[in-house]
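# Results of the structural survey
Take a look at the letters that make up each chain.
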Amino acid sequence: MNRPLRLAYLSLETPRPGQASQTHIDEIIANLRLSGWQVELFATTRGGASARTSFLQRLLDYGRVQLALARRLREFDAVFVRSHFMALPLALWARRRKVPVIHEINGKPADIGVTYPALKPFSPLFAWLYRTQYRMAAHLVAVTEGLAQWARSFAGHDRVSTVSNGANTDLFTPEGPRADIAGRYVIFVGGLVAWHGIGTMLAALREPAWPADVRLVIVGDGIERDRVEAAKGNPRLLWLGRQPYEAVPALLRGALAALCVIEDQDGRSAAGVAPLKLFEAMACGIPVIVSDLPFQAEIVRQAEAGLVVPAASAARIAETIRMLAEAPERAAMLGRNGGTYVLREASWRRRGDQIDHILRATMLAS
């Protein structure tokens, strides 16, 4: 084949500036293009956990985007889907047209009920929609090895690979400007969603062990914003809301440490977590404080890039922040280790090469 390979990237999870999903999508597309692919994004505009749109509007948006791709499916050699329960119509049409579909799995079906508790009664339906897509998929790409193992069992086949998140090592570096924030602070960057431990971080601020001269800076927005707004009277809290992606490295570089204290609500994190914010913080050369969940804890321990705390433990978070605040040389060493690890093992360029290899091998096998 002399012409460039053409890939349709389908995201029914609406990409929004400043959110990890958009960064993930943008970086994969950019790096696949460097590998010679022509990539076109087909994405919704009305979804997302923080979007204030009705379910009917979202359904119409799901249909609009899939119809647009279905009409042009012959133009593409493969479809890469950011896994979504409502992508079944496109998956069925692609199977009929003999166009291979690769699903990227970032979580389990139960995640929907964690994000939207009112939808928990529909969990069996969501599981069926996902399983049907995964069984017919040409390949599945999971972001952690634990999730890949789950996908093999759930889908009933071994056409599964692991490709984790990464960091843009041109943008996220230890060198560069630092945010103009007075005093010392630890930082959380990400969506204000139930499993990110927002309530636990805020509770840690009230623990006696939390250093009096260290603030908690929160960057992001989401359905848990009410918790943060209710705590804004605490002088140790600074909520910056969503920030431009280009502003995040400076915010990270100036921090004492970054928090990735994800929680295992309803078992959603038992297969491991690989948050984008973990790699970006490490790339900026600051230590990370992570909850003891598979994958992220293994990386931090292996790279000696930070400290691991029990999930949902406000007291241990506060104690760990105090420990780093009182040991700046150790904190600096942990930060350097993290920066070295990401540069060597977890750049988006490396992740793009991995996905490129999977796509080409899948097409040859189809």
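Residues numbered from 1 in each chain as written. Predicted model: local features only at pLDDT ≥ 70, side-chain atom pairs only at ≥ 80, totals over all residues. Heavy atoms only, no water.

## Observations regarding the pattern of salt bridges
Pairing between side chains of opposite charge can happen when the charged atoms of each approach one another. Formally: For salt bridges, the criterion is a side-chain nitrogen of Lys or Arg within 4 Å of an Asp or Glu carboxyl oxygen.
This structure, assessed with the given rule, holds 18 salt bridges. In this structure, the salt-bridge partner of Glu224 is Arg227, at a minimum N-O distance of 2.8 Å. The partner of Arg301 in a salt bridge is Asp292, and the shortest N-O contact between them spans 3.3 Å. A single salt-bridge network, built from bridges that share partners, covers Arg3, Arg6 and Asp77.

## Overview of the sheet that holds strand β1 (residues 6–11)
Here is the rule we go by: Note on pairing: DSSP must find at least two bridges between two strands before they are called paired. Helix and strand labels come from DSSP, where a helix needs a run of H or I of at least four residues and a strand needs a run of E of at least two; each type is numbered from the N terminus. Interaxial angles span 0 to 180 degrees and are taken between N-to-C directions of axes, which are lines fitted to C-alpha atoms, for helices over the stretch in contact. Contacts are assigned to residue pairs that have any heavy atoms within 4.5 Å of one another.
Across the sheet, six strands lie side by side as β2-β1-β3-β4-β5-β6; this open sheet has parallel pairing. Each edge of the sheet is formed by a strand with only one pairing partner; in this case those strands are β2 (38–43) and β6 (160–162). Each neighbouring strand pair of the sheet contributes to a mean axis angle of 20°, computed without reference to strand direction. Here four bridges tie strand β4 (residues 101–105) to strand β5 (residues 139–142), and the two strands are oriented parallel to one another. From the neighbouring strand, Glu104 faces β5, where its bridge partner is Val141. Each of β1, β2, β3 (78–82) and β4 touches helix α1 (residues 20–34); the most contacted strand, β1, lies at about 180° to it.

## Description of the pairing of β4
Heads up, the rule is: Burial here depends on accessible area, computed with a 1.4 Å probe over protein chains only, as a share of the maximum for the residue type. Under 20% is buried, over 50% is exposed, and the range in between is partly exposed. Here a crossover is taken to be right-handed if, once the strands point away from the viewer, the path from the first strand over the helix to the second is traced clockwise.
Along β4, five of the five residues are buried, which leaves the element largely enclosed by surrounding structure. In β4, alternate side chains face the same way, and those of Val101, His103 and Ile105 on one face and Ile102 and Glu104 on the other are all buried. Where β3 and β4 come together, four bridges link them in parallel fashion. Its bridge partner being in β4, Phe80 is matched across the sheet by Ile102. Each parallel crossover has a hand, and for β3 linked through helix α3 (residues 88–96) to β4 it is right-handed.

## Describing the nonpolar core
Side chains that are nonpolar tend, in soluble globular proteins, to be buried together. Definition in use: Residues belong to one nonpolar core when they are buried, are Ala, Val, Leu, Ile, Met, Phe, Trp, Tyr or Cys, and are joined through side-chain atoms within 4.5 Å.
Grouped together as the largest cluster of nonpolar side chains are 40 residues, with contacts concentrated most on Leu10, Leu69, Val79, Tyr134 and Leu140. For this core, the elements supplying multiple residues, two or more each, are β1, α2 (55–71), β3, α3, β4, α5 (123–136), β5 and α6 (145–155). Once residues within four sequence positions are removed from consideration, Leu69 is found in contact with Ala8, Leu10, Phe42, Phe76, Val79 and Leu90. Within the second largest apolar cluster, 33 residues are counted, among which are Val189, Ala274, Val290 and Ala303.

## Section: the sheet that holds strand β10 (residues 257–260)
The six strands lie next to each other as β9-β8-β7-β10-β11-β12, forming an open sheet whose pairing is parallel. Sheet topology places β9 (237–241) and β12 (306–309) at the edges, where each strand pairs with a single neighbour. Strand-to-strand, the axes of this sheet are offset by a mean angle of 25°, without reference to chain direction. Two elements, β10 and strand β11 (residues 288–291), share three bridges in a ladder whose sense is parallel.

## Brief notes about the layout of surface pockets
The cut-off we apply is this: A pocket, in this scheme, is an open set of points on a 1 Å grid over the protein atoms alone with protein on both sides within 12 Å along at least 5 of 7 lines, while a cavity is a set where a 1.4 Å probe fits but cannot get out; residues line either one if an atom lies within 4 Å of a point. Grid points are joined across faces, edges and corners, and a volume is the space filled by probe spheres set on the points. Residues are grouped as follows: Ala, Val, Leu, Ile, Met, Phe, Trp, Tyr, Cys and Pro are nonpolar; Asp, Glu, Lys and Arg are charged; all remaining types, including Gly, are polar.
Approximately 420 Å³ is the volume attributed to the second largest pocket. Around the second largest pocket, the lining is made up of 26 residues, and of these Arg178, Arg253, Cys284, Gly285 and Ile286 lie nearest the centre. Here the lining of the second largest pocket gets nine residues from one element, more than from any other, and that element is helix α13 (residues 328–345). Tallied by class, the residues present in the lining of the second largest pocket amount to 16 nonpolar, seven polar and three charged.

## A short note on empty space enclosed by the protein
Taken as a whole and assessed by the stated rule, the structure comprises one cavity of 30 Å³ or more. Lining the largest cavity are Ile187, Phe188, Val189, Val248, Leu252, Ala258, Leu259, Lys277 and Glu280. Within the residue set of the lining of the largest cavity, elements represented by two or more residues are β7 (184–189), α9 (248–253), β10 and α10 (276–283). For the lining of the largest cavity, the element with the highest residue contribution is β7, accounting for three residues.

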